[in-house]
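Working through the structure, step by step
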Amino acid sequence: MTNALFLRKLLFWPQPWAAQVFMLLWVSLLILAPVGGQFATEIKSVISLHPPWTTLFKGETVTLTCKAFQINAPQKIKWYRWYLPGEIQYKTTGNTYEVHESGGYKCQAQDSHSSDRVDLIFSAANLILQAPSDVFEEDSVVLRCQAKANIVLNNMTLYKNGKILKILNKTSDFRIHQASMKDSGEYYCSGVKDTHSVSSNKIQIVVQELFPSPVLRASSTQPTEGHTVTLTCESQLSLQRPEGQLQFRFVKPSTMSEWRISPEFQFSPIRRENSGSYWCEARRINSLVQKRSQELQIQVQEIVPDVRIHSHPEFVFEGLELVLICSVSGVPRPTISWYKKQHRLRKDRELQTSSETEFKVPVVQNSDAGEYYCIARNSRFSIKSNSVIISVKVPVSQPVLTLRPLETWTLVREMSLQCEVQRGSLPIRYQFFHEDVLFKEIKSSSGRKVLHRLSPTEKPFGSYYCTADNGLGPQRSAAVIPVSKPVLTFSSPGTRTFVGDKMSLQCEVQRGSLPIWFQFFREGVLLKKREAVSWITASYSFFLIAEHSGNYYCTADNGFGPQRSETMSLSVTVPVSQPVLTLSPPGTRTLVGNEVRLQCEVQRGSSPIQYQFFHEDVLLTKIEATSWRTKSYSFSVTAEHSGNYYCTADNGFGPQSSETINLSVIVPVSRPVLTLRTPRAQAVVGDVVQLHCEAQRGSPPILYQFYHEDVTLGSSSSPSGEGASFNLFLKTEHSGNYFCEANNGQGVQRSYPVSLSVKVPVSHPVLTLRTPRVQAVVGDILEIHCETQRGSPPIQYQFYRENVALGSCSSLSGGGTSFNLSLTTEHSGNYSCEADNGLGVQRSEAVSLSVKGLTGSKSSLIATSVTGGLLSVMAVAAVALLFYCWLLRKAGGKPTFDSSRNPSAPDPQESTYYNVPGWIELQPVYSNVNPNRGEVVYSEVWSVKKENKLTAASEPEPFKKTVSPMPCAPSHLRPTDLCPSPVCSFSQDSCVIYSQVKGASTAASKPQFLDPLTPHR
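Attention in this report is confined to the structure presented alongside it. Every value quoted in this text rests on a predicted model; they were computed, and no experiment measured them.

A look at the overall build of the protein
- When its secondary structure is counted, the protein shows 2 helices and 78 strands.
- The 1017 residues of the protein split such that 42% are buried.
- A total of about 54400 Å² of accessible surface is found on the protein, and carbon and sulfur atoms cover 51% of it.

Spelled out as structure tokens, the structure:
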């Protein structure tokens, strides 16, 4: 016989009612021993690679990392050994080692065995296949077909076991997202270089198990009913993938346990129904890899049941513990059901069903009295015990003495005393005492309270109490004592009270018999009335609003008259509302220098209120308001005051922020600065000049306008306040003064003027050779004239014969210049000139000149001289006639002859050049002029101006109204008395022509006549 109640596993319980206690029995069944999920093994080093490839190109490097996974607390590893192959190659204190040679590598950490061998290949091939050294189930594996640097391969293809696995178009990688055993095999890849196929090395990939299939073992495969049997599921994670943890579960056909870390499952005790076929399953946490063991058969041996039932005493006191025991033995171990008979009902009330043999009532009450029995059940029997009758005797509770009535105590002279108990077995004897003197005794067999009315002769005041007794000892009531003066207290979360807080008013007396009526008042108005029957204090709670501020008091009364507390004042702090920030004067735009006032105001909130003003989240000032709900902050506006403003208000509830107001400070524009930006130091026609106008300060947008000599060129707006630019394609007329204006609506500011001089590069010059006749001969005066059609002055002209410089002249106001030369036979050749005004030299086309020598006798020379003298006289007459005509024209008359038909004019056929011979400079030496005889006297002077345009049919120079620059020859070719300076510089571009020269030193000297087409000296 045994006192143990035999458990039956609910999982295999056949009765349908057993499902009601499924969870309880399941938890009772699964008693797991705290065993680990891994099994002891030797400490072995593990080698890893970075990068993870076992095949690389020569010249690359692999970092080997050695780790030792120790079961116990790890020691600090002081050294690592590296082997290649088999012998110690290197010894380090760190766990990394860099290699770049092919071979089989191992490592060994201190106090551990060496690792498995890792074979590395550093290949010189054009194409290699790279794969990690170890591949386990669920690994994400990358196979990389890698071509050598500078080798371009097409049609990259990956093979598995000789069959095409993937054509690699845009990538050289092939990824196996979750490796499994089916991914094991031989891999290689190929590509095409030019027209030749290139294949990589072959790699044998063997996907290893994360853990082996589990083995299920049992402590006994043929246990006896009631014994404990332990099932163990044996498996272990690979040392090369130690991360994570294994979970196990145990399976019987049609049912299985939950996944758990423990590899053990216990039957305690085991039952005959537990016989059957079992297997276990293992998986790694957060993994899909799951493996199953072989099945294991368990056969449970049966024993003969032995059942006995015992009864217990039948009497108990209320308030004590009642224990009923149903003693049962048998196999399978039964469950116990407890029942209480219901005499008025057909079915008894089931109290409890469990495996426990005891039924406990911790504290017996009068209602627990009755007839009890138990029933023991298992799969083979159901036995009912004998009945036990339990009688409960209830002692009286402490009586309560009260005065009745309370509400009209001031109006009645008689008073009733009521003594009452809440519980107790009848009959009950009551006794009343006044100042410890018994004055009344009442016995009640039908009720638990009695009433005694005091006679007018009995004192209505004093200490009263009563007792109650039902045979188990008297119980005494508390004395009835008038209440003391109550004390009113406030209970709030903090030192200050805020709207929304929960406020408790507590009214308490130091003495006074119960019950006590408490009343709470605010400003004389009743708020709440409460009766206290077990405490000498009462409370009243409410959530505060602003109207709850005021004076409070309470009263207490237990029949002897109300007592009033002292008055207490309550001030409710109202949280500030969201403040409103306003600007004065109104508006969001203002000028620099104006006075701005920020005003922060709340609609509600108890004082004091702390105001803070912010500009772009930077605190400007703090102001405390003690009597008003508004505060202001004033300042004089500067440009930096633009931005967002807000204010906060706080009176202890936390700051409240206003809406943000943006203030734009308008800054009048300063005087702008005009900058002319040209691509070179000197502006040239055709350049693009940029006029940039910018004001150093001023609120955007700013309108910029550009002017040239008070004429508007254009305008540009700058929305962000920066400068603006205006591009101008330069022409000659663009020289002059420029300025700009800036305006942002607060007044126009003008820049200082900037002067710009636009230069025109000289054009290709035109060289003109002027001779007195069609065929130049020795002794003729040659005028070499060089002129450009355009070009800014001053212009420097350079004259050349056969590329040899003859001389140079400057034209200060533009136009051309001339150079005179007395011809000799050596002067035949090609002439050219250059023009330069600092913007680049321009050269004319070459002009050829052929000079012929003189022939004939001396008499012919004299005849020629006489002829020349006559022609000179005719020229003087022509000049006089022209002067007369000029006087008539000036007086309003008109000449009667055409100046173009003047017989003094040179014959146009005498020269093939544009200008008339009157321009030719005098030769330095003549046979009929002797400057050594005395002063030279000029009989006539012509002053003419050269026209800008050259035409073959132009009017002879001496008869034109405009004047031209005087031609000047180089210093070594011109007479010193006419061109004393090597630089040609003439005022008003005038040229002096001498038509007749006389020697002043000898009165008898006669004028020498020259050819009318030759200038005279």
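Section: the sheet that holds strand β8 (residues 118-123)
- In spatial order, the strands read β2-β8-β7-β4-β5; together these 5 strands make up an open sheet with mixed pairing. Where the open sheet ends on each side, the last strands, each with one partner, are β2 (55-57) and β5 (88-92). Adjacent strand axes in the sheet meet at a mean angle of 25 degrees, parallel and antiparallel pairs treated alike.
- In this structure, strand β4 (residues 80-83) lies alongside β5, joined through 4 bridges in antiparallel fashion. Bridging across to β5, Tyr80 finds its partner in Thr92.

What to know about the pattern of salt bridges
- Overall, the coordinates contain 21 salt bridges when judged by the stated rule.
- Ionic pairing is found between Lys360 and Glu358, a salt bridge with its closest N-O pair at 3.9 Å.
- Overall, the relative accessible area of 47% leaves Lys360 in the partly exposed class.
- In this structure, Glu834 engages Arg843 in a salt bridge whose closest nitrogen and oxygen atoms are separated by 3.3 Å.
- The exposure class of Glu834 is buried, given its relative accessible area of 17%.
- The partly exposed category is assigned to Arg843, whose relative accessible area is 30%.
- Look at the salt bridges and you will find they share partners, linking Glu137, Glu209 and Lys291 into a network.

Quick word on the environment of Pro753
- By the secondary structure assignment, Pro753 is in the loop between β67 (748-750) and β68 (754-756).
- For Pro753, a relative accessible area of 58% corresponds to the exposed category.
- Placed 14 residues apart in sequence, Pro753 and Phe739 show a C-alpha to C-alpha distance of 4.6 Å.
- Other than its neighbours up to four places away in sequence, Pro753 contacts Asn737, Tyr738 and Phe739.

Details of the side chain of Asp687
- Position of Asp687 relative to the elements: it lies in the loop between β61 (673-677) and β62 (688-694).
- Using a relative accessible area of 7% as the deciding quantity, one classes Asp687 as buried.
- Ignoring any residue separated from it by four or fewer positions in sequence, one finds Asp687 in contact with Pro679, Arg680, Gln682, Leu728, Phe729 and Leu730.

Things to note about the packing of aromatic side chains
- In this structure the tally under the stated criterion is 24 aromatic pairs.
- Seen in terms of ring centroids, Phe498 and Phe653 are 3.8 Å apart; in terms of plane orientation they differ by 75 degrees. Their pairing is edge-to-face. Of this pair, Phe498 sits in strand β43 (residues 497-498) while Phe653 sits in the loop between β58 (643-650) and β59 (656-657), and the two are 155 residues apart along the sequence.
- Aromatic side chains Phe520 and Tyr540 sit 6.1 Å apart centroid to centroid with 35 degrees between the ring planes, which places their arrangement in the tilted category. Separated by 20 residues along the polypeptide, Phe520 in strand β45 (residues 516-522) and Tyr540 in strand β47 (residues 537-543) bring together distant segments of the chain.
- The buried category is assigned to Phe520, whose relative accessible area is 0%.
- Classification of Tyr540 by relative accessible area gives buried; the value is 16%.
- Site record: aromatic cluster; members linked through ring pairs are Phe250, Phe265, Phe267 and Tyr278.
- Above the ring of Tyr465, the side-chain terminus of Arg476 is found at 3.5 Å from the ring centroid.
- The aromatic ring of Trp517 is capped on one face by Lys529, whose charged end is 4.9 Å from the ring centroid.

Digging into the state of the cysteines
- Per the stated rule, a full pass over the model turns up 9 disulfides.
- A sulfur-sulfur distance of 2.1 Å marks the disulfide that ties Cys233 to Cys280. The chirality of the disulfide connecting Cys233 with Cys280 is right-handed, given an S-S dihedral of about 70 degrees. Placement of Cys233 in strand β20 (residues 229-234) and of Cys280 in strand β24 (residues 276-284) is noted, with a sequence separation of 47 residues between them.

Notes on the pairing of strand β46 (residues 525-532)
- Bridge analysis of β45 against β46 gives 7 bridges, and the strand direction is antiparallel. Considered in β46, the bridge of Phe520 is made with Lys528.
- Here β45 folds back onto β46, and the loop between the two strands holds 2 residues, one of which, Glu523, carries a positive phi near 50 degrees.

Calculation criteria
Residues numbered from 1 in each chain as written. Predicted model: local features only at pLDDT ≥ 70, side-chain atom pairs only at ≥ 80, totals over all residues. Heavy atoms only, no water. Helix = DSSP H or I, 4+ residues; strand = E, 2+ residues; numbered from the N terminus. Buried < 20%, exposed > 50% of the residue type's maximum accessible area, 1.4 Å probe, protein only. Areas by Shrake-Rupley, 256 points an atom, 1.4 Å probe, with all protein chains shown as cover. Pairing = 2+ DSSP bridges. Axes fitted to C-alpha atoms, helices over the stretch in contact; angles between N-to-C directions. Salt bridge = Lys/Arg side-chain N within 4 Å of Asp/Glu carboxyl O. Contact = heavy atoms within 4.5 Å. Phe/Tyr/Trp six-rings, centres within 6.5 Å; stacked < 30°, edge-to-face > 60°. Lys NZ or Arg CZ within 6 Å of the ring centre and 35° of its normal. Disulfide = S-S within 2.5 Å.

These results come straight from atomic positions and should not be treated as a statement about function.
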